[in-house]
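# Summary of structural features
Single-letter residue listing:
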Amino acid sequence: MTYRKARSTLLKTAGQNLTESAARKGESIQEIIAALQSNLISASESVVFKSQSPAGYQKFVEELAQQLPNQIQCVQLSNLQTKAVVASTCGNQFIEPSSETLWFQERGSTPITRSQVDVKVLLPQDQPPSETGNINQLNAENQLKLVFSAPVYNAADQLQYALSIHSALLQPKETPPGSLTGYPVVISQSGMILAHPSLERVGRNIEQEVEAEPLQRVLTRAIAGQQAFEHLFYFEQNNVELLAGYTSITSPVTGEANQKWTILAVTHIDSALAGLKDIQQVLFILTCCLIAASLLATYYIAHDLAMPLEKLTDYALNDSELHSTGKIPRNFNIREFNQLSEALEGMISRLRHWAEELETAWKEAQTANQLKNEFLANTSHELRTPLNGIIGCLRLVRDGFCDDKEEELDFLQRADDAAIHLLGIINDVLDIAKIEAGKLSVEMEPIDLRKLLNEVINLQAVPIQEKNLQFNTTDLHEIIPVRADPAKLKQVLLNVVSNAVKFTDVGSITISTRIEPIAEQPMMSSTGNLSPSSRSLYNLSAKKAKATNTDQGNDYANSQLSSSQVFVTVKDTGIGIDPTQQQKLFRPFVMVDGSTTRKCGGTGLGLAISRNLIELMGGRITLSSEGDGQGTTVEISLPTIEPSLLLTGESQALNGVTPMSSADSNGAVTQS
């Protein structure tokens, strides 16, 4: 990865350097051309040409060739009328200007300008045989040969001569290894190669090259003014990768106005990646050093690494008991091992805690299994007793052992009572199954709690009279509006009152009601739900089973709840309950006396079902007792609603209900 990144960086840097080098080469060519044009104009206006002396002309031309830069190959003065060479430093071969139309026949007052200097390119095929006889010699000679010609006027200010300079602008230079200046290549806008290290390519069009397409792309971009670099593979030798930066300059050739030359600075890819070998060496050395350092570090810290691991291994093998009192090793030289030791100690502590919880859960499961076994035994007893009564009564009637019709009806009533009792047991079992499956539901509606209390008390009046108990109740003339499931609430009240009657042999049973304000109003949270503190007591609709819209249930509950709650207290003077056993009574199958021989009967499901039903209706149920023989108090609380929410017809009917009566210790009806 590092090698590839380094190679990419070097290529990018080389491309930028070559692009800058191409720009410098183009500027250098323009400067040389401008300097030669200026020198040629100055020389053409020399007074020597007014003397009409051929010897003077030759001397001047020779001195001019020595004064000009060394890239000058020939200086020649020729007669335009006779096409004869008047003076020359390179033989008598006539150098003809490309165009004489730029020059005036008579010299005017305006001096000669650079635009009047005729410039043409001299390609190898255009050179005389004497100059192109040896290709190898020419390959070593200067390239990009240009001929500059300027007009020369005689003493009569008439155009008579042309002063020409034959110059090679690009000189071969030794390129040091790793240099990113590159050798120059010049291409005209028409695609003609004007300068190239290989003389065979000079004068050819790029369309004749193998890489015509990338060269044409370079030419198009350069003419458009872009400066960038390109990879070439066949511009020097086949399968030799080159990197070329390019730019463009204005063509100096006469007659090529608004055309451009493309200047390339080309170098081998090896030169562009010359620093890559050094990077490879550095990477190799660094890798070796890292390996050596790793080996040394491993050698020196192996002991510090092995010793903590051995101690921790010994502890894990020898002190693997969860209840072991051994201390886990610590205080190592390496901080991470100390952290590992602390983490292991925390994990072992959690495992011990979980083991204790599992042990407790196992004991509870054992207890639950025992309770369930007792429940099955009790239930079988509770089911068998009413079934035997039903079977016995029905058989007495069927076999005709009854003396009269009234006795038959008595036996049938007993069978009916036993069947109702049996149905109640089965309903309790089904309700607890629904509770465990989370499918127990309530149908909430506005009701009058007073009416339900009257019905429950009337149903328990006979058992109270039979046990000769004193029954006390508060005045229940006022409407107590609540929102609940009437059948389920009646089931709860009947279960609580029947338990009080069942477990009280002597004394009294008191039912009282009171309404108290709620200290904290149920507040709606920012999300539109009841706040957690309010939901525990006022989630009437949120807890309603089968509700499909929680927000709607919350809005309904929040709009209908008043600022008060009603408490229904059922207090008896019965057998009482040990305080340590009181919370267990709300669990399914739990009874203080779980044997099948107890005299009171029951399945142990009533309070568990009652608690779940009351909580589904948004209320609470609590049980308290000072101990065995001290009696028991059960308190049920429900939030009240506005009386106006009760149905008008139902309210009128309830207002006409006869006040509930109770039986005193002598079976008389009393009202407290």
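Residues numbered from 1 in each chain as written. Predicted model: local features only at pLDDT ≥ 70, side-chain atom pairs only at ≥ 80, totals over all residues. Heavy atoms only, no water.

As a further point, take the overall build of the protein chain. Secondary structure assignment for the protein chain yields 15 helices and 19 strands. Going through the 672 residues of the protein chain one by one, you find that 40% of them count as buried. Across the protein chain, every contact between residues at least 6 apart in sequence was considered, and the portion connecting residues at least 24 apart equals 68%. Of the accessible surface of the protein chain, which amounts to about 36,700 Å², a share of 53% is contributed by carbon and sulfur atoms. (Helix = DSSP H or I, 4+ residues; strand = E, 2+ residues; numbered from the N terminus. Buried < 20%, exposed > 50% of the residue type's maximum accessible area, 1.4 Å probe, protein only. Contact = heavy atoms within 4.5 Å. Areas by Shrake-Rupley, 256 points an atom, 1.4 Å probe, with all protein chains shown as cover.)

What follows deals with the side chain of Glu209. Along the chain, Glu209 falls in the loop between β7 (193–195) and α4 (212–223). Among the polar contacts listed, one links the side chain of Glu209 to the side chain of Arg201, at a separation of 3.0 Å. Beyond its immediate sequence surroundings of up to four residues, Glu209 is in contact with Ile193, Arg201, Arg204, Leu215, Tyr234 and Phe235. (Polar contact = N/O pair within 3.5 Å; in protein donor to acceptor, adjacent residues only side chain to side chain.)

Here we come to the packing of aromatic side chains. Taken as a whole, this structure holds one aromatic pair when the rule is applied. Judged by centre distance (5.6 Å) and plane angle (70°), the ring pair of Tyr57 and Tyr161 falls under edge-to-face. Residue Tyr57 is located in helix α2 (residues 54–67), and its partner Tyr161 is located in strand β5 (residues 159–170); the two are separated by 104 residues in the primary sequence. Overall, the relative accessible area of 1% leaves Tyr57 in the buried class. Looking at Tyr161, the relative accessible area reads 5%, which means it is buried. (Phe/Tyr/Trp six-rings, centres within 6.5 Å; stacked < 30°, edge-to-face > 60°.)

If you look at the biggest cluster of nonpolar residues, it comprises 45 residues, and the most contacted ones within it are Ile29, Leu77, Leu144, Leu163, Val186 and Trp261. Counting residues per element, the ones that place at least two in this core are α1 (2–44), α2, β1 (72–79), β3 (118–121), β4 (143–153), β5, β7 and β10 (260–268). Top element by residues in this core is β5. It accounts for seven residues. In contact with Val186, other than residues within four places in its own chain, are Ile29, Leu144, Leu170, Met192, Ile193, Leu194, Ala195, Trp261, Thr262 and Ile263. (Core = buried A, V, L, I, M, F, W, Y, C linked by side-chain atoms within 4.5 Å.)

In this section: the sheet that holds strand β6 (residues 183–188). Across the sheet, five strands lie side by side as β7-β6-β10-β9-β8; this open sheet has antiparallel pairing. The open sheet has two edge strands with one neighbour each: β7 and β8 (228–232). Along the sheet, successive strands turn relative to each other by an average axial angle of 35°, direction set aside. As defined by bridge partners, β6 adjoins β7 across two bridges and the pair is classed as antiparallel. Bridge pairing in β7 links Val186 to Ala195. The strands touched by α1 within the sheet are β6, β8, β9 (242–250) and β10, with β9 carrying the most contacts at an inclination of about 35°. (Pairing = 2+ DSSP bridges. Axes fitted to C-alpha atoms, helices over the stretch in contact; angles between N-to-C directions.)

The end-to-end C-alpha distance of α4 is 16 Å, a good match for the 16 Å that twelve residues give at a rise of 1.5 Å each. Packing partners of the buried residues in α4 comprise β6, β8, β9 and β10. In the stretch just after α4, Gly225 is the one whose phi turns positive, near 100°. (Expected span 1.5 Å × (residues − 1).)

This next bit is on the confidence of the model for the protein chain. Chain-level statistics for the protein chain give a pLDDT mean of 77 and a share of 80% at 70 or above. Every residue in residues 130–140 scores below 50 in pLDDT, and together they form 13 contacts with partners more than four places removed in sequence or on other chains. pLDDT under 50 marks residues 521–560. Its contacts with residues more than four places away, or in other chains, come to 77 contacts. (pLDDT = per-residue confidence, 0-100.)

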